[in-house]
Amino acid sequence: MVVPSPTPSLRTKKTRAVGIPIIDLSLERSVLSQKIVQACEEYGFFKVVNHGVPREIISSMEKEGSDFFAKRSSEKQRAGPPSPFGYGCKNIGFNGDKGELEYLLLQTDPASISERSKAISNNPSKFSCVVNDYIQAVRDLSCEILDLIAEGLWVPDNSVFSKLIRDAHNDSCFRLNYYPPLKHFRELELSPKLNADTRMGFGEHTDPQILTILRSNDVGGLQICLDDGLWVPVLPDPNVFCVFVGDALKAMTNGRFVSASHRVLVTNTIKPRMSTIYFGAPPLDAYISPIPELVSPQKPSLYKHFTWSEFKKTFYSLRLGDCRLDLFKTLMCSDKTSSC
Ligand SMILES: C=C1C[C@]23C[C@@]1(O)CC[C@H]2[C@@]12CC[C@H](O)[C@@](C)(C(=O)O1)[C@H]2[C@@H]3C(=O)O
Ligand SMILES: O=C(O)CCC(=O)C(=O)O
Ligand SMILES: [Fe+2]
């Protein structure tokens, strides 16, 4: 079922009706796989309901996150600075990107979570346990969605995408973002320049990995950018997961899927936004290249073969909003000038 979300800000000059897809994972499999493929082609983004992730796993994760961000700054700094992993505040990546947020970025293997937990929590084994359970649940959800995508694309090997993030050496990561509410609201209202700078929680970007699974509390701010440049607010709903196609999946589908550009604007003046995000990534030595079923003389390969490690090196040398996948386009791709 694709239910249009209410998007009041879209009733402006550009008139195309927009309904961000909300996909019910309890639907019959062949219908479901087609709906997911369609959403990945049109938006590179959709919400899932009836996802099967137990409520307790989600609420325990939310509690651990809130407890961490409620600590004094000096205590949180013990888990930083980000290497890129660890606790960060306002600085995103290594190339000067800034945002009005605090975050924890973690590798997803239990050994590294256990090590990091010591600087994050007063009860590290509880923190590790909660994070491991959450990651396992969202990894399973990602794999289920990736298998459905392969089925919807009529690829004979249904695990062609999911096996990359199931691999023991996968390079997936997990992020908790915390956006404090807007302060000095009255002063900001009077100064449009200050207002615009202060409100950017997380700047425009696409996620580099295969698939992203995001959940937030009931505070909004997330927006996705449509192909005509229109920014659409994603209404917050703690009961759904938001799914983003990453750059790696865009390359593996030979550009048939889009990787959704998104950002977070801080708009709430009372309550913080908190989001938990799983980024499913392949092992460092895995090749990212269009799958053979999606390459033909009519649709030649748009992207060179590259390893995830090569792609990582590139994106860590770039700014958040750069179109990193464009650097891996082949000469066959005549549309070199177009962005992302
Ligand atoms: C500016 C940067 C931060 C980022 C690495 C990068 O050089 C470009 C991509 C950024 C991003 C966006 C999605 C995820 O939040 C993230 C963890 C990722 O894999 O790529 C971040 C990186 C980061 O915050 O370190
Ligand atoms: O925090 C959010 O809601 C989204 C942040 C994001 O897009 C990211 O961390 O890659
Ligand atoms: Fe993102």
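Residues numbered from 1 in each chain as written. Chains lettered and ligands numbered in written order. Predicted model: local features only at pLDDT ≥ 70, side-chain atom pairs only at ≥ 80, totals over all residues. Heavy atoms only, no water.

The protein chain goes by Gibberellin 2-beta-dioxygenase 2 in an unreviewed UniProt entry, where it is assigned to Camellia lanceoleosa.

> Which parts of the structure should I look at to understand the coordination of the iron ion (ligand 3)?
A metal bound by six donors in octahedral fashion has ideal angles of 90 or 180 degrees, whereas one bound by four tetrahedral donors has an ideal angle of 109.5 degrees. The protein atoms that coordinate the iron ion (ligand 3) are His-205 (NE2), Asp-207 (OD) and His-262 (NE2), at distances spanning 2.1 to 2.2 Å. Counting gaps between the donor residues of the iron ion (ligand 3) yields the pattern H-x1-D-x54-H. With His-205 in strand β6 (residues 200-205) and His-262 in strand β11 (residues 261-265), this pair connects stretches of sequence that are 57 residues apart. An identical accessibility class is assigned to His-205 and His-262; each is buried. (Donors = N, O, S within 2.8 Å, 3.2 Å for Na, K, Ca; no water. Helix = DSSP H or I, 4+ residues; strand = E, 2+ residues; numbered from the N terminus. Buried < 20%, exposed > 50% of the residue type's maximum accessible area, 1.4 Å probe, protein only.)

> Can you help me understand the side chain of Ser-121 in this one?
Within the secondary structure layout, Ser-121 lies in the loop between α4 (110-120) and α5 (124-152). Aside from chain neighbours lying at most four places away, what touches Ser-121 is Glu-64, Lys-71 and Phe-127. (Contact = heavy atoms within 4.5 Å.)

> Even after reading the chapter, I still don't get the packing of helix α2 (residues 55-69) against α5, so can you show me in this structure?
Geometry of a packed helix pair, given as the angle between the helix axes and the separation of the axes. Look at α2 against α5: their axes get within 9 Å of each other, and the N-to-C directions meet at 135°. On the basis of the axis angle, α2 is oblique to α5. As α2 packs across α5, the resulting crossing turns out to be left-handed. Contacts between α2 and α5 involve Ile-57, Ile-58, Ser-60, Met-61 and Glu-64 from the first element and Lys-126, Phe-127, Val-130, Val-131, Asp-133, Tyr-134 and Ala-137 from the second. Residue composition of the contact of α2 with α5, by class: eight nonpolar, one polar and three charged. (Axes fitted to C-alpha atoms, helices over the stretch in contact; angles between N-to-C directions. Parallel < 35°, antiparallel > 145°, perpendicular 65-115°, else oblique. Left-handed = near helix turned anticlockwise from the far one by under 90°. Nonpolar A, V, L, I, M, F, W, Y, C, P; charged D, E, K, R; others polar.)

> Would you mind showing me how to read the site of ligand 1 here?
Neighbouring ligand 1 are 17 residues, the closest being Arg-175, Pro-208, Gln-209, Phe-315 and Leu-318. For ligand 1, an oxygen atom lies 2.7 Å from a polar atom in the side chain of Gln-209. For ligand 1, the accessible surface in isolation is 470 Å², of which the surrounding protein chains cover 98%. Those elements that place two or more of their residues in the shell around ligand 1 are β4 (97-107), β6 and α10 (308-316). In the shell around ligand 1, the residues fall into ten nonpolar, three polar and four charged. (Near = heavy atom within 4 Å. Polar contact = N/O pair within 3.5 Å; in protein donor to acceptor, adjacent residues only side chain to side chain. Areas by Shrake-Rupley, 256 points an atom, 1.4 Å probe, with all protein chains shown as cover.)

> Quick question: what am I supposed to make of the sheet that holds strand β8 (residues 222-225) here?
Two orientations exist for strands paired in a sheet by backbone hydrogen bonds: parallel and antiparallel. Overall, antiparallel pairing links the four strands, which are arranged β6-β11-β8-β9 in an open sheet. The sheet is open, and its two edges are formed by β6 and β9 (231-233), each paired on a single side. In this sheet, adjacent strand axes meet at a mean angle of 25° when their direction is disregarded. Bridge count for β8 against β11 is four bridges, and the pairing is antiparallel. Paired with Gln-223 across the strands is Arg-263, a residue of β11. (Pairing = 2+ DSSP bridges.)

> Explain the site of ligand 2 to me, please; I cannot follow it from the model alone.
The full set close to ligand 2 counts 13 residues, and Asn-177, Tyr-179, His-262, Arg-273 and Ser-275 are the nearest of them. Contact between ligand 2 and Asp-207: an oxygen atom at 3.3 Å from a side-chain N or O atom of the residue. Within the side chain of Ser-275, one N or O atom sits 2.6 Å away from an oxygen atom of ligand 2. Of all elements in the fold, only β5 (173-179), β6, β11 and β12 (273-280) reach the threshold of two or more residues within the shell around ligand 2. No other element matches the four residues that β12 contributes to the shell around ligand 2. Residues of the shell around ligand 2, tallied by class, amount to six nonpolar, four polar and three charged.

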